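Analysis of the macromolecular model
In case you want the letters, here they are:
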Amino acid sequence: MDKILRINMGAEGGPKVTVAPFGDYAGLGGRGLTSAVVSKEVPPDCHPLSDANKLVIAPGLLSGTAGSMTGRISMGCKSPLTGGIKESNAGGQPSQVLARLGYGAIMLEGKPEGDDLYKIFINKDGIRITTDNSLRMLGNYDTVEKMKKEFGDKIACISIGPAGEMKLNAASVACTDAELRPTRHAGRGGVGAVMGSKGVKVIVLDDTGVSMRQPKDPDKFREANKVFTEGLRKHGVTGEALPAYGTNVLTNILNEAGGYPTYNFKEGRFIGASKISGETEAALETERGGVPTHACHRGCVIRCSGIYNDKDGHYLTKQPEYETVWAHGGHCGIDDMDKIAMMDFLDDDIGLDTIEMGVAIGVAMEAGLLKFGDADGAINLIKEVGKGTPLGRIIGSGAAITGRVFGVERVPVVKGQAMPAYDPRAIQGIGVTYATTPMGADHTAGYAIATNILRVGGFVDPLKPEGQIDLSRNLQIATAAIDSTGMCLFIAFAIMDQPETFQAMLDLINTFYGLSFTGDDVVDLGKKVLKMERDFNMRAGFTKEQDRLPPFFKTQPVPPHNVTFQVKDEDLDKVFNW
Amino acid sequence: MQNKNTLDDNAKHLHITIDPTHFSNFYEILQSGFIVRCRVGVSIKALLCEQFGLTPEYVVERISTIFLDGKPVDDIESAIIKDGSRLALSAAMPGLVGATMRREGVYASLRSSITYEEKHSNYQSKEGTVTIKLFNLLMEELGPIFLKRGIFVTFPAMATFLTKQPDNFWKACKEILLDRKPVVYSILQKSNLPAQCDWVFLTVLILN
Ligand code: SF4
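Residues numbered from 1 in each chain as written. Chains lettered and ligands numbered in written order. Predicted model: local features only at pLDDT ≥ 70, side-chain atom pairs only at ≥ 80, totals over all residues. Heavy atoms only, no water.

Observations regarding the interface of chain B and chain A
Contact with chain B, which involves 39 residues of that partner, is made by 47 residues of chain A. The interface formed by chain B and chain A holds three salt bridges in total. Contributions of two or more residues to the side of chain B that touches chain A are made by helix H2 (27-32), strand S7 (86-90), helix H5 (95-101) and helix H6 (137-149) of chain B. Looking at the side of chain B that touches chain A, the element that brings in the most residues is H5 of chain B, giving seven residues. Looking at the side of chain B that touches chain A residue by residue, the classes come out as 18 nonpolar, twelve polar and nine charged. (Contact = heavy atoms within 4.5 Å. Salt bridge = Lys/Arg side-chain N within 4 Å of Asp/Glu carboxyl O. Helix = DSSP H or I, 4+ residues; strand = E, 2+ residues; numbered from the N terminus. Nonpolar A, V, L, I, M, F, W, Y, C, P; charged D, E, K, R; others polar.)

Take a look at the structure:
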């Protein structure tokens, strides 16, 4: 993984390929690399769908190795949804395959003149780019089927659905999973629209004849991986809760805490929560012959995903995650798991961010376009997006635009991006991250909970409310660092509680690259990434006024605890003081 | 809050002995919440260990997330169970929020606006009722204990549950007793529980 592949889609005479060494970007991977390229090479004031924007697709530092949990892929660009820098990441197979093919990144640059659609095929022998207009407006599932027929089933695909082709703000980029289904999405921020603006429908990766990336010290790497894997397996969250129930196990917890946003953030508890909880979902999957424990890519030992079958036992979609079940479920007052699973399938097929779509539909419900709880109406709205009707294009442009078009006051977005499944009035510390992350409201921006073991920013008294600012800062730093390794953020539970598992993670990097990375270096990397991202946003015109939650969080108490968001603006402005 | 006499007076006793393969059918009841009779005016720890028979090690290591009346609890020795309280129990959970809700976790301050605080210290120990909710791994581990001990479920909730059960659930039932008398499952399946009762006292024995 020592080269960068640049494809200028707007070059004279057709797309032009350049392969070059890492150069200035040496030592970076995943989010670290995408944010470095975007902040250095993309003019901050450019239109996100113009030729000046770039879509950077980067595996993590350890992707393509035998290391566990190393298959996340980052996609970065200037976001059409937020207008700021974006890193959106996904699981699936492409990260491993791309890294094994030797590429540290694919950068889609420029913009073609006409409206031809392109497919890009990459294998050990090189890169082939061809026009293929037969793919126009195909869903991700059909697109992948066609690629299978053409290139066989030893491939991994990165593709967009109709939403990306229409350049809608909620468009995602799909990555195929281990079964070659397009179920893993870089969902947030409209990265699919940027891929669509480059005219690229699908990137097909084939690593046949290529071997695993080899570590500098194979014996020590193997040993570190063993300790790391054992640590994940023995921990209660990574070894038991996530494999058994997936992320949707959080529904009951959030609901009990009164922090489960319901009816478009009107209430904090949903009466139908137990019908759509992870426990119910897993039992249903088992009963129907699906799978409640499944890896989104080979090499994942946590396996938080699953397979969701319909009533007749046929595959419907992958196990919808917590955020998806919430966005299409409680947020919209819907408690029918089958209907939610259908929406998950449609989002994946059309190529849409499930959070942005669910929140936009909830906002439309608030506007009276349809009733809360109307599952069939919600399904129809997603289908309208797929067809590109005027109403569908509004909803597919995200919650902020939907709210503006339909005159809704309560629109839960920050920097134009829909807020995920945790009410910031009940869990105020998360509100701090929602408000201040350079990414727009994003729960994963402060997800790497291993700050204590990373010793990011010193000791914070957990029982003092003032600690929220420091904790949010520390969490964002730790997350930016882990996002750069290509490791799934869910490793954070085991590395938070088990120092030897954290050390094993460092050893994996060190023995692979022959480095002596310490916890402090990890923290420095995280700070560097965040600094680049904040700097880009500032140059794009963001001020501290964008680091705020919508006013209704301060004025409308959320039941059952009847709390409002209390963190002061001046405190929010201290998050990045380090 | 349920008065002891009211519960007993208006409850039918349903007992089911069932194969372990169908234990998960009871998840819906366990996670939605059920009522137990116990001594209230005691700490959460005393309730869990002294009345429900859990070991202190299990409580410390396994029940890492506890909500009392919808509020996350840090100190289980000072938080007091009152008559009519609702207690939700969970194992360690994923996500930043999962970590945030943990008892005395490093991220507790992130949810300080809803954290449970005990306002008084003088409570009398007395007979009462508590609503218990079991989530995730604890449904499997503690569910059989509570079901064996006996739980109160409202009549409508029980009727909905029974009506919904598929044939293979009933086939897995080795014994069904209503007020200690054997009944055929079709009576329950059609939700023909005597409608005069407000509550069902459910005991379930999971065969090994
Ligand atoms: S833990 Fe879940 S999200 Fe992470 S790599 Fe495994 S299956 Fe994918």
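Alright, that's what it looks like, and here's the rest.
Concerning the domain arrangement of chain A
Residue and element names in this part refer to chain A. Each assigned domain of chain A is listed with its residue range as follows: domain 1 (3-205) and domain 2 (258-421). Listed as interface residues are 36 residues of domain 1 and, on the opposing side, 35 residues of domain 2. Carbon and sulfur atoms supply 51% of the area buried between domain 1 and domain 2, which totals about 2,900 Å² over both sides. The tally of links between domain 1 and domain 2 comes to two salt bridges. Between Asp353 and Arg188 there is a salt bridge, and its shortest N-O distance comes to 3.1 Å. Linking domain 1 with domain 2 are 23 residue pairs in polar contact (both at pLDDT 80 or more), by the criterion used here. (Domains from an automatic or database assignment. Buried area = accessible area lost by both parts, 1.4 Å probe. Polar contact = N/O pair within 3.5 Å; in protein donor to acceptor, adjacent residues only side chain to side chain.)

Points about the site of the ligand
Close contacts around the ligand come from Met69, Arg72, His294, Cys296, His297, Cys300, Ile302, Arg303, Cys304, Cys488 and Phe490 of chain A, and that covers them all. For the shell around the ligand, a count of residues per class yields seven nonpolar, two polar and two charged. (Near = heavy atom within 4 Å.)

Considerations on the side chain of Thr65 of chain B
The topology assignment puts Thr65 of chain B in strand S4 (residues 65-68). Not counting chain neighbours up to four residues away, the residues in contact with Thr65 of chain B comprise Ala88, Leu89, Ser90, Ala91, Ala92, Met101 and Arg102 of chain B.

As for the sheet that holds strand S2 (residues 16-21) of chain A
Residue and element names in this part refer to chain A. Spatial strand order, S2-S1-S6-S3-S4-S5: six strands in an open sheet with mixed pairing. Every interior strand has two partners, whereas the edge strands, S2 and strand S5 (85-90), have only one. Going across the sheet, the axis of each strand differs from the next one's by a mean of 20°, ignoring polarity. Relative to strand S4 (residues 73-78), strand S3 (residues 55-59) runs antiparallel, the two sharing four bridges. In the sheet register, Pro59 faces S4, and the bridge partner there is Ile73. (Pairing = 2+ DSSP bridges. Axes fitted to C-alpha atoms, helices over the stretch in contact; angles between N-to-C directions.)

Considering unusual backbone geometry
Pro560 of chain A follows Pro559 of chain A through a cis peptide bond whose omega is 10°. Checked against the element boundaries, Pro560 of chain A lands in the loop between helix H22 (552-555) and helix H23 (569-572). With a phi close to 55°, Lys415 of chain A is a non-glycine residue in the positive phi region. We note that Asn136 of chain B has phi near 45°; this positive angle belongs to a residue other than glycine. Position of Asn136 of chain B among the secondary structure elements: in the loop between strand S8 (126-134) and H6. Using a relative accessible area of 0% as the deciding quantity, one classes Asn136 of chain B as buried. (Buried < 20%, exposed > 50% of the residue type's maximum accessible area, 1.4 Å probe, protein only.)

Let's talk about helix H21 (residues 519-539) of chain A
Residues and elements named next belong to chain A. With 21 residues, H21 should reach 30 Å at 1.5 Å per residue; the first-to-last C-alpha distance of 31 Å fits that figure. Those residues of H21 that fall on the buried side of the exposure criterion are Gly519, Val522, Val523, Leu525, Gly526, Val529, Leu530, Met532, Glu533, Phe536 and Asn537. Positive phi shows up at Gly541, right after H21, with a value of about 105°. (Expected span 1.5 Å × (residues − 1).)

What about the environment of Met139 of chain B?
Residues and elements named next belong to chain B. Counting through the fold element by element, Met139 comes out in helix H6. Classification of Met139 as buried rests on a relative accessible area of 0%. On a C-alpha basis, the gap between Met139 and Asp83 in space is 23 Å, while along the polypeptide they are 56 residues apart.

Overview of the sheet that holds strand S14 (residues 305-309) of chain A
Residue and element names in this part refer to chain A. Reading across from one edge, S13-S14-S15 is the order of the three strands in this open sheet, with antiparallel pairing throughout. Strand pairing shows two members of the sheet lacking a second neighbour, strand S13 (291-294) and strand S15 (315-318), which therefore form its edges. Averaged over all adjacent pairs, the angle separating strand axes in this sheet is 25°, with direction ignored. With three bridges joining them, S14 and S15 adopt antiparallel strand pairing. When the sheet's bridge partners are listed, Ile307 is paired in S15 with Lys318. Along the sheet, helix H11 (residues 337-350) contacts S14 and S15; its crossing angle with S15, the most-contacted strand, is approximately 70°.

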